[in-house]
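Here is how the chains run, residue by residue.
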Amino acid sequence: MPITVSAPGKLMLLGEHAVVYGHPCLVTTVNQRMRVAVEKLSPSILTLEAEDVELIGYKKPIRKLGKGKIPKRAMFIEIAMRNFFYKYSIQSGLNVITKSEFSPQFGFGSSSAVTVCLIKALSELFKINLTLQEIFDLSYKTISDIQKEGSGFDAAAAIYGGTLYFTAGGKIIEPLPIDELNLVVGYSGVKADTVSMINLLKEKIYTYKSGVEKIFDKIADLVKEAKKSLLSKDWIRFGTLMNFNQDYLEDLGLSTEKLGSMILAARKAGVYGAKLSGAGGGDCMIALVTPENKKQVATAIERVGGEIVEVTTNVEGVKSEK
Ligand code: MEV
């Protein structure tokens, strides 16, 4: 019987980019899940099917894991498996099937979710008890081996679920006891590349380090304030802080005209606050709404060309599926 594990996607609430430089962020999870099924094989090979990304019949001898040419779509599974097998001295053939509910187009964190699922599934298959922190450490190592950049907030979200206060590398992973957040999510129609956006910001840091650092300090401050408002359900204040965070992201050149017009449309429709979510340069914006004005806000975003992505937030983290 294969072992199946699922993990949720994520949405950055506040603190993107600054989190890469050691400041905190707030992240919540969404009800679109990645699923990974694993079973042992007697030949010493990895076989992988990932229909959603049109990867069918991928094969690799176990002794060659992580070596030679690896298609981008197999990368996270293969490197996660190599790292797990190496750490726990395992040699076994493995069949892996992945199925995603979310489009890899949106920055919901499909690569991190697939990595987290595989590590959790392998720990069950080979009966190795791992704490959530240990799953995080191995997932973060895998993501860093591949991407070199990134805070690991998406892996933490996939593992712990709910809504987290997080700092880079998992130094702080603090689950926040809150209920669902009423968010409207709008996709700008442009797929964003996180690593390119991180590099774009690096260039700005290179030319004007003290200026960017001052903005990061202000973002860090508002994230800490926002954590308090989240815990006390002060939505007016939380929304205002989202708006301030958007202003700083604009100052850093990370927003786009399209995101800007979607955010403005949402604000005019009467939200608590609205901002881009994630790396910027495209991808999604989020707006904090009331159950009453949710529909009206969604319509306003659609009118300026945004695509609404229906999600519920604050969902369960990585888990075994029956
Ligand atoms: C991307 O969704 C968020 C960034 O802060 C990158 C990261 O934290 O890994 C830009």
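We now turn to the structure provided with this report. (Residues numbered from 1 in each chain as written. Predicted model: local features only at pLDDT ≥ 70, side-chain atom pairs only at ≥ 80, totals over all residues. Heavy atoms only, no water.)

Description of the pattern of salt bridges
Okay, so step 1: As enumerated under the stated definition, the model contains 14 salt bridges in all.
Okay, so step 2: In this structure, K275 engages E16 in a salt bridge whose closest nitrogen and oxygen atoms are separated by 2.8 Å. A residue pair is termed long-range when its members are at least 10 positions apart, and K275 in strand β9 (residues 273-277) and E16 in the loop between β1 (3-14) and β2 (25-41) qualify at 259 residues. Take K275 and E16: they sit in the same class, and that class is buried.
Okay, so step 3: Ionic pairing is found between K209 and E213, a salt bridge with its closest N-O pair at 3.2 Å. Linking K209 with E213, this pair stays in helix α6 (residues 209-231), spanning 4 residues, or about one helical turn.
Okay, so step 4: Classification of E213 by relative accessible area gives partly exposed; the value is 35%.
Okay, so step 5: In this structure, a network of salt bridges that share partners links the residues R35, E101 and E321. (Salt bridge = Lys/Arg side-chain N within 4 Å of Asp/Glu carboxyl O. Helix = DSSP H or I, 4+ residues; strand = E, 2+ residues; numbered from the N terminus. Buried < 20%, exposed > 50% of the residue type's maximum accessible area, 1.4 Å probe, protein only.)

Describing unusual backbone geometry
Okay, so step 1: Its identity is not glycine, yet K127 carries a phi of approximately 50 degrees, on the positive side.
Okay, so step 2: Looking at where K127 falls in the secondary structure, it is placed in the loop between α2 (110-125) and α3 (132-147).
Okay, so step 3: Residue K127 is classed as exposed on the basis of its relative accessible area of 74%.
Okay, so step 4: Positioned with a positive phi, N314 is a non-glycine residue whose angle comes to about 60 degrees.
Okay, so step 5: If you trace the backbone, N314 turns up in the loop between β11 (307-309) and β12 (319-321).
Okay, so step 6: N314 gets classed as buried once you look at its relative accessible area, which sits at 19%.

Focus: the site of the ligand
Okay, so step 1: Around the ligand, the neighbouring residues are K10, E16, H17, V19, V20, G150, S151, F153, T194, I198, G278 and A279.
Okay, so step 2: The contact in question runs from an oxygen atom of the ligand to an N or O atom on the backbone of H17, over 2.8 Å.
Okay, so step 3: In the environment of the ligand, an oxygen atom lies 2.6 Å from a nitrogen or oxygen atom belonging to the side chain of S151.
Okay, so step 4: Relative to its unbound accessible surface of 300 Å², the ligand loses 95% to contact with the protein.
Okay, so step 5: Counted by class, the shell around the ligand contains 5 nonpolar, 5 polar and 2 charged residues. (Near = heavy atom within 4 Å. Polar contact = N/O pair within 3.5 Å; in protein donor to acceptor, adjacent residues only side chain to side chain. Areas by Shrake-Rupley, 256 points an atom, 1.4 Å probe, with all protein chains shown as cover. Nonpolar A, V, L, I, M, F, W, Y, C, P; charged D, E, K, R; others polar.)

A closer look at the nonpolar core
Okay, so step 1: The biggest cluster of nonpolar side chains holds 113 residues, and the ones touching the most others in it are L26 and F84.
Okay, so step 2: If you tally residues by element for this core, the top one is α2, at 9 residues.
Okay, so step 3: Ignoring anything within four residues of it in the chain, the contact list for L26 reads M12, L13, L14, L164, Y165, L176, V223, A226, K227, L230 and F238. (Core = buried A, V, L, I, M, F, W, Y, C linked by side-chain atoms within 4.5 Å. Contact = heavy atoms within 4.5 Å.)

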